[in-house]
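Descriptive structure summary
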Amino acid sequence: MKTIEIRRHSIRSKPGDHLNQSGVRLARLVGEGLGPFDWVVTSTLPRAFETAIAMGFAVDQQLEFMSSYGMDVEYEVPWPQSFATYAKAVKRGYAATKYANKLAECFAQLSDSLTEDGAALVVNHGGILEMGIVASFPDMDYESWGGSIDYCEGAKLYWENGKCVNAEVRRVLK
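Please read these numbers as outputs of a predicted model, since none were measured by experiment.

The rules behind each value
- Residues numbered from 1 in each chain as written.
- Predicted model: local features only at pLDDT ≥ 70, side-chain atom pairs only at ≥ 80, totals over all residues.
- Heavy atoms only, no water.
- Core = buried A, V, L, I, M, F, W, Y, C linked by side-chain atoms within 4.5 Å.
- Buried < 20%, exposed > 50% of the residue type's maximum accessible area, 1.4 Å probe, protein only.
- Helix = DSSP H or I, 4+ residues; strand = E, 2+ residues; numbered from the N terminus.
- Contact = heavy atoms within 4.5 Å.
- 1 Å grid on protein atoms, 1.4 Å probe; cavity = no way out; pocket = protein on both sides within 12 Å on 5 of 7 lines; lining within 4 Å.
- Points joined across faces, edges and corners; volume = space filled by probe spheres on them.
- Nonpolar A, V, L, I, M, F, W, Y, C, P; charged D, E, K, R; others polar.
- Pairing = 2+ DSSP bridges.
- Phe/Tyr/Trp six-rings, centres within 6.5 Å; stacked < 30°, edge-to-face > 60°.

1. A word on the nonpolar core
- Of all hydrophobic cores here, the largest spans 42 residues; its most connected members are Met66, Phe107, Met131, Ile133 and Tyr142.
- Elements with a contribution of two residues or more to this core: strand 1 (2–8), helix 4 (83–91), helix 5 (95–113), strand 4 (119–124), helix 6 (128–136), strand 5 (154–160) and strand 6 (163–170).
- Broken down by element, this core gets its largest block of residues, nine residues, from helix 5.
- In contact with Met66, not counting residues within four places along its chain, are Val41, Ser43, Tyr99, Leu103, Cys106, Phe107, Val122, Asn124, His125 and Ile128.
- Core analysis: the next-biggest nonpolar cluster, separate from the first, contains 20 residues, Ala27, Met55, Cys152 and Val172 among them.

The following block contains the structure:
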């Protein structure tokens with residue numbers, strides 16, 4: 001079965017764009033339990049790219065649209081929110097829906113490019129991560145996934161025949 005691991009970037013010192021030392025340590029720790037990956041995708045923001053590298057994975061592709069979802073989406077569903085809140089926003093049919101569907105389409109194409117048991121890693125950002133997951137697997141009861149995600153947290157998506165068939169939340173124990 002194909003899998004796509006989607007993670008939020010690691011810790012930075014705001015308003016900076018780069019990981020701080022705590023962020024590098026956390027990404028290294030989380031990365032020890034991940035992979036291997038056939039393909040690694042990040043947003044174009046340094047903290048996402050640096051997270052993948054600190055996790056121990058070379059980046060194959062950076063996508064600009066994973067860097068920000070824009071003010072229209074932020075107005076509809078301001079970050080941070082739970083997966084359940086993002087799922088409700090994505091079902092409404094407005095800007096969040098359009099953006100989330102673009103992410104889900106990207107993940108489906110990524111899945112299609114993988115070998116039968118292939119795996120990919122995607123590192124992006126809070127809000128973006130949740131919307132892409134709930135659009136890829138809309139029938140999940142996301143209430144049980146709890147509140148907003150934290151640094152290096154995310155989900156693992158399972159794909160068969162071009163369709164996401166399961167999703168599991170990935171929390172980081174601190």
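2. Some details on unusual backbone geometry
- Looking along the chain, the bond that leaves Gly35 and enters Pro36 is cis, with omega of 0°.
- Mapped onto the elements of the fold, Pro36 is located in the loop between helix 1 (21–31) and strand 2 (39–43).
- Cis geometry marks the peptide bond from Trp79 to Pro80; its omega dihedral reads 0°.
- Mapped onto the elements, Pro80 comes out in the loop between helix 3 (70–76) and helix 4.
- Phi angles above zero are rare outside glycine, and Cys152 is one such case at about 65°.
- Within the secondary structure, Cys152 is located in the loop between helix 6 and strand 5.

3. Notes on the layout of surface pockets
- If you add up the space inside the largest pocket, you get close to 280 Å³.
- When grouped by side-chain class, the residues that make up the lining of the largest pocket number four nonpolar, six polar and five charged.

4. What about the pairing of strand 4?
- For strand 4, a buried count of six out of six residues is recorded, marking the element as mostly surrounded by other parts of the structure.
- The side-chain alternation of strand 4 yields two buried faces, one formed by Ala119, Leu121 and Val123 and the other by Ala120, Val122 and Asn124.
- Judged from the six bridges that link them, strand 1 and strand 4 form a sheet pairing that is parallel. Directly across from Ile6, in strand 4, lies its bridge partner Val122.
- Where strand 2 meets strand 4, four bridges bridge the pair, whose relative direction is parallel. Directly across from Val40, in strand 4, lies its bridge partner Leu121.

5. Concerning the packing of aromatic side chains
- Tallied over the full model, the rule gives six aromatic pairs.
- Arranged with centres 6.1 Å apart and planes meeting at 70°, the rings of Tyr69 and Tyr99 form a pair that is edge-to-face. Taken together, the positions of Tyr69 in the loop between strand 3 (61–63) and helix 3 and Tyr99 in helix 5 put the pair 30 residues apart, joining distant regions of the chain. The pair Tyr69 / Tyr99 is uniform in exposure class, with both members buried.

6. Quick word on helix 4
- If you check which residues of helix 4 are buried, you get Phe83, Ala84, Tyr86, Ala87, Ala89 and Val90.
- On its buried face, helix 4 sits against helix 3, helix 5, helix 6 and strand 6.
- Two residues or fewer after helix 4 comes Gly93, characterised by a positive phi angle close to 95°.

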